[in-house]
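# Commentary on secondary and tertiary structure
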Amino acid sequence: MTVSRERADVQSSGNEARVRSFTDDLGQTWLVSERPFSEYDRRSGSSLIFSNELAVRRVRDYPSDWFALSDSDLAALSWRV
């Protein structure tokens, strides 16, 4: 199975968010979702949350077309501070 077949797309409606999975160069499968900042965060906006069984990463500055990025570009984005 290719990585592109592993992608999942849940269209945004209400509280649902788009979700995508990809496998990085190390063979780790990541789930990526776009989530609004916590109500306790003084900033407004949303973050990309990258998660797998070993780690969670949050990226606040990301392109609006993140869902269309290649797997390698998405993996690189996950390391952006």
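Let me begin by describing the structure that accompanies this report. Counting restarts for each chain: residues are numbered from 1 in the order of the written sequence. Thresholds applied to this predicted model are a pLDDT of at least 70 for local features of residues and 80 or more for the giving and counting of side-chain atom pairs; totals over whole chains, interfaces and linings are not thresholded and use all residues. Values shown for side chains rest on all heavy atoms present in the structure; no hydrogens or waters enter the calculation.

## Some words on the overall build of the protein chain
A tally of helices and strands in the protein chain yields 1 helix and 4 strands. Strands are runs of DSSP state E lasting at least 2 residues, helices are runs of H or I lasting at least 4, and numbering of each runs from the N terminus. For the protein chain, the sequential pattern of α-helices and β-strands runs β-β-β-β-α. Think of it in three bands: residues with accessible area under 20% of the maximum for their type are buried, residues over 50% are exposed, and the middle band is partly exposed, with areas taken using a 1.4 Å probe on protein chains only. When each of the 81 residues of the protein chain is scored for burial, the buried share is 32%. Accessible surface, the protein chain: about 5,700 Å² in total, of which carbon and sulfur atoms supply 49%. Surface accessibility follows the Shrake-Rupley procedure with a 1.4 Å probe radius. Residue values consider only the protein chains on display as shielding.

## Focus on the pattern of salt bridges
Basic side-chain nitrogens of Lys or Arg form a salt bridge, by our definition, when they fall within 4 Å of a carboxyl oxygen of Asp or Glu. Under the defined criterion, the tally for this structure stands at 1 salt bridge. Among the ionic pairs, R20 bridges to D71, the shortest N-O distance being 2.5 Å. Of this pair, R20 sits in strand β1 (residues 19-23) while D71 sits in helix α1 (residues 71-77), placing them 51 residues apart in sequence. In this pair, the class of R20 matches that of D71, namely buried.

## Examining the side chain of R20
What makes R20 buried here is its relative accessible area of 0%. Here a polar contact means two N or O atoms within 3.5 Å. Within protein one must be a hydrogen donor candidate and the other an acceptor candidate, and residues neighboring in sequence count only if both atoms are side-chain atoms. Only 3.0 Å separates the side chain of R20 from the backbone oxygen of F67, close enough to count as a polar contact. In this structure the side chain of R20 is engaged in a polar contact, spanning 2.7 Å, whose partner is the backbone oxygen of L69.

## What to know about the packing of aromatic side chains
Ring pairs shown here join Phe, Tyr and Trp side chains whose ring centres sit within 6.5 Å, with only the six-membered ring taken for Trp; geometry is labelled stacked below 30 degrees between planes, edge-to-face above 60, and tilted in between. The full count for this structure, using the stated rule, is 2 aromatic pairs. Ring centres 6.4 Å apart and planes at 85 degrees place the aromatic pair F22 and F50 in the edge-to-face group. Remark: F50 occurs in strand β3 (residues 46-51) and F22 occurs in strand β1; sequence separation between them is 28 residues. Classification of F22 as buried rests on a relative accessible area of 1%. Pairing W66 with F67 gives two aromatic rings, centres 5.3 Å apart and planes at 80 degrees, and the pair type is edge-to-face. Over a ring means this: the NZ of a Lys or the CZ of an Arg is within 6 Å of the ring centre and within 35 degrees of the ring normal. Directly above the ring of W79 sits R57, whose terminal nitrogen or CZ lies 3.6 Å from the centroid. Sitting above the plane of the F37 ring, R60 keeps its charged end 5.1 Å from the centroid.

## So, the sheet that holds strand β2 (residues 29-36)
Across the sheet, 4 strands lie side by side as β1-β2-β3-β4; this open sheet has antiparallel pairing. Where the open sheet ends on each side, the last strands, each with one partner, are β1 and β4 (56-59). Neighbour to neighbour, the strand axes of the sheet diverge by 25 degrees on average, direction disregarded. In short, DSSP must find at least two bridges between two strands for them to pair. In the sheet, β2 pairs with β3 via 6 bridges, with the strands oriented antiparallel. By the bridge assignment, V32 is partnered in β3 with F50. Axis angles are defined between N-to-C directions and span 0 to 180 degrees, where every axis is a line fitted to C-alpha atoms and, for a helix, only to the segment in contact.

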